[in-house]
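The primary structure of each chain is shown beneath.
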Amino acid sequence: MGSADETMFENGYPVPQDPVHNAWYTAFFIENHIDHIAYKDVAAPEQIRFMVVLAPEQRYYPCSDKMFSAIMARQKPSFLLRRYDQALEKILALIEAKIEDPWEREFLESLIRTKFEHETRDGMMIPSRLEKRLLKIFLDRTQIVDPLMDEKAVRNLRVRRLLESQSFSTALNRFEMDSSCPAPHTLESIRASANNTQLTRLLALLSAPALWEQDRDFSVEELEQIMARPLGGEGLDEFMRLLTPERCDFGLYTVNPIKVLWLIDESGEALIDLYIIRFLAGMGHKMMVCFKKGPLYTKADFADTKEDPSLAAILAGARFVQDAAIAKNDLVALLKKDIHILAFTDGSMEDINLSVATTTFSRFFKEADLVVARGPAQRRRFFETSFRFTRDIISIMRDEDISVSVAYKPKHPDAVKFSHHELEKRAAAIIGQMNDAKKKGMTVVFYSGIVGSIPGKTQVAKQIMTTFVNHLRQQSDDTFIINPSEYFEQGMDADDLMYMWEMVQRSGLIDIWRFQTYEDIVASFALLNKKVPPEWVGKDSTFSTGCTKEMRIAREVAAQNPEMQIIGPPEAKFYRRGEYGVGSFYDTRLSQGG
């Protein structure tokens, strides 16, 4: 089975080839409820690839390589058992603190211990998944909505009073010349220096738990001492680069605004996080702030943003995204608005787990330029793993040696990001070609067909689509036929393509919108001198959820442009399918009642 000492891999644990090992490997995902086939609320592989760069057959696991290697080796090492015990001790302490009735307390403790023994018997469970299950039993049995709501509110209130105090304002804005550094001599350099100084002082506050654990006022001198604590880690310079001014036209300096996904952690310090977030938003950065869906001990959650006055106050003016499955177009429209702080939830009640994150979270992750992960649990998830991610990751956490540690993990070199500006530019270029064709008196035809609705056959789909479109071009004079498969670029997913093509499709320049029929597919294989393979028999564009979405768009366009013709399979056949898969070219499941 391997050794638990084999704890770092090139990019995730290699898929086992022998059947026994592969069965244990597969059972791990099923038992932890992170197998998409067994549990449909688990993110599909295409959605995971929004965030993690994976080989075709590779699977993402939400734990460190060390943890996963130990589970695969079936060794139950001491560090795994210790993490299990910590999860048990945490929930038993909560029961002791919150349940007064002796019978109910003893019952819950016994129930939790029984569940604990069952879940940890074979050493297959990820400790954070165990913690979630034990906490859920407590919440379900007691019907307590948030057992530590008051404790979290007190923490947040202490920090709110601090941030609103004159002592804090004085300490944060104290100006001192550093004789070891050259003095800034321009307004731009003064501004940049002030921004850097304030940000480092704010980050240093995260090193002082007393700020949210002690109910007292802090003097200017105490705060200055905290703010002067050293920051360290190889990611500090990369994080500070956000504030580095760049020279632009007319000799001015400007900060290049970026989109930052900030993963909030514990209550209390969350107020300091949000103060930093507001600070960066004030500089023009787009801040996307993620909370837990529901209670996870003292971690800040999405309900707190409405129920806790301290969180609600510091988030005043932010846009709250409630939709757990926001569409690509809606998210892009939201990001284009003059809103600098967006708040939402990852949809989970456990340490960050990309396998169970919502569609909305994965799309925010994909749109981000930088991800900031807060706290030790998130440090483990992103840094104690060989998985490489599609975005740069910054981790910020307290450190006993240097007060606050800032770590940096660059995105995978193969990660490709198509910004909405780039996609809009590509769409505009295609629309320009359509305009030129119309000026020449040509008929503009758009051809919609299967690209990836048959898993593993994307290249074949592109080949038969191109073969048939070329056949149409040879048959027809004065026609400009658009074959979407010819515009595909490596790294594009269905979200990117649908966003780009919808702009083209709604341009009002299409004369004929043709949807692929089974007869088209038969003709394509005949042109290739091949028989129709069994997986293609009976298929047409109604098999594609992407084409289903395009048929809806076609009907809306036709309502505005009655002269446009729609050719293809019967329209009713399209509506058996739902929305296209997240990041996927296919989704073969029929809609309910279809």
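The preceding data block contains the structure.
What counts, and where the lines are drawn
- Residues numbered from 1 in each chain as written.
- Predicted model: local features only at pLDDT ≥ 70, side-chain atom pairs only at ≥ 80, totals over all residues.
- Heavy atoms only, no water.
- Helix = DSSP H or I, 4+ residues; strand = E, 2+ residues; numbered from the N terminus.
- Buried < 20%, exposed > 50% of the residue type's maximum accessible area, 1.4 Å probe, protein only.
- Contact = heavy atoms within 4.5 Å.
- Areas by Shrake-Rupley, 256 points an atom, 1.4 Å probe, with all protein chains shown as cover.
- Axes fitted to C-alpha atoms, helices over the stretch in contact; angles between N-to-C directions.
- Parallel < 35°, antiparallel > 145°, perpendicular 65-115°, else oblique.
- Left-handed = near helix turned anticlockwise from the far one by under 90°.
- Pairing = 2+ DSSP bridges.
- Phe/Tyr/Trp six-rings, centres within 6.5 Å; stacked < 30°, edge-to-face > 60°.
- Lys NZ or Arg CZ within 6 Å of the ring centre and 35° of its normal.
- Core = buried A, V, L, I, M, F, W, Y, C linked by side-chain atoms within 4.5 Å.
- Salt bridge = Lys/Arg side-chain N within 4 Å of Asp/Glu carboxyl O.

Let's shift gears to the overall build of the protein. When helices and strands are counted, the protein shows 24 helices and 14 strands. In the protein, which comprises 594 residues, the share counted as buried stands at 52%. Long-range pairs, those at least 24 residues apart, make up 72% of the contacts in the protein with a sequence separation of at least 6. Accessible area for the protein stands at about 27,400 Å²; split by element, carbon and sulfur atoms hold 51% of it.

Interhelical geometry of helix H8 (residues 166-173) versus helix H11 (residues 220-227) gives an angle of 45° and a closest axis separation of 9 Å. Taken together, the axes of H8 and H11 are oblique relative to one another. For the crossing formed where H8 meets H11, the hand is right-handed. Residue-level inspection shows Ser 167, Phe 168, Thr 170, Ala 171 and Leu 172 of H8 in contact with H11, the latter providing Val 220, Leu 223, Glu 224 and Met 227.

Attention now goes to the sheet that holds strand E10 (residues 403-409). The strand order E1-E10-E9-E8-E4-E5-E7-E6 describes an open sheet built from eight strands, whose pairing is mixed. Only two strands of the sheet have a single partner each, and these edge strands are strand E1 (231-232) and strand E6 (319-320). Where strand E4 (residues 259-263) lies against strand E8 (residues 370-374), four bridges are found, and the strand directions are parallel. Of the residues in E8, the one forming a bridge with Leu 263 is Ala 373. Against the sheet, helix H13 (residues 269-282) engages E4, strand E5 (286-291), strand E7 (341-345), E8 and strand E9 (392-399), with an angle of about 160° to E5.

Each aromatic ring pair is described using two quantities: the centre-to-centre distance and the angle formed by the ring planes. If you walk through the whole model with that rule in mind, you get 23 aromatic pairs. Ring centres of Phe 239 and Trp 262 lie 6.3 Å apart, and the angle between their planes is 65°; this geometry places the pair in the edge-to-face category. Placement of Phe 239 in helix H12 (residues 236-240) and of Trp 262 in strand E4 is noted, with a sequence separation of 23 residues between them. Arranged with centres 5.4 Å apart and planes meeting at 70°, the rings of Phe 446 and Trp 501 form a pair that is edge-to-face. Of this pair, Phe 446 sits in strand E11 (residues 443-448) while Trp 501 is found in helix H21 (residues 494-505), placing the two residues 55 residues apart along the sequence. Clustering of aromatic rings is evident, with ring pairs tying together Tyr 25, Phe 28, Phe 29, Tyr 60, Tyr 61, Phe 68 and Phe 387. Cation over ring: Lys 90 sits above Tyr 297, and NZ or CZ is 4.5 Å from the ring centre. In this structure, Arg 216 is placed above the aromatic ring of Phe 218, and the distance from its NZ or CZ to the ring centre is 4.0 Å.

Nonpolar side chains in soluble globular proteins tend to end up buried together. Core analysis: the largest hydrophobic core is formed by 73 residues, its most contacted members being Phe 28, Ile 91, Leu 261 and Phe 361. Per-element accounting of this core gives the leading share, nine residues, to helix H4 (residues 78-98). If near-sequence neighbours (up to four positions away) are discounted, Phe 361 is found in contact with Met 51, Leu 261, Leu 263, Cys 290, Phe 344, Asp 346, Ile 352 and Leu 354.

Bringing the environment of Met 124 into the picture now. In this structure, Met 124 sits in the loop between helix H5 (102-120) and helix H6 (127-142). Counting along the chain gives 92 residues from Met 124 to Asn 32, while the straight-line C-alpha distance between them is 7.9 Å. Residues in contact with Met 124, not counting those within four places in the same chain, are Trp 24, Ala 27, Phe 28, Glu 31, Asn 32, Ile 71 and Tyr 84.

Turning our eyes to something else, we now look at the side chain of Gln 198. Counting through the fold element by element, Gln 198 comes out in helix H9 (residues 187-205). Sequence-distant contacts of Gln 198, defined by excluding residues within four places in its chain, comprise Leu 172, Asn 173 and Phe 279.

Turning to the pattern of salt bridges, a few remarks are in order. Inspection of the entire model under this criterion finds 35 salt bridges. Residue Asp 146 is joined to Lys 152 by a salt bridge in which the shortest nitrogen-to-oxygen separation is 2.8 Å. A relative accessible area of 12% means that Asp 146 is categorised as buried. Measuring nitrogen to oxygen at the nearest pair gives 3.1 Å for the salt bridge that ties Arg 216 to Glu 222. What makes Arg 216 partly exposed here is its relative accessible area of 39%. Using a relative accessible area of 27% as the deciding quantity, one classes Glu 222 as partly exposed. Connected through salt bridges with shared partners, the residues Asp 146, Lys 152, Asp 301 and Asp 304 form a single ionic network.

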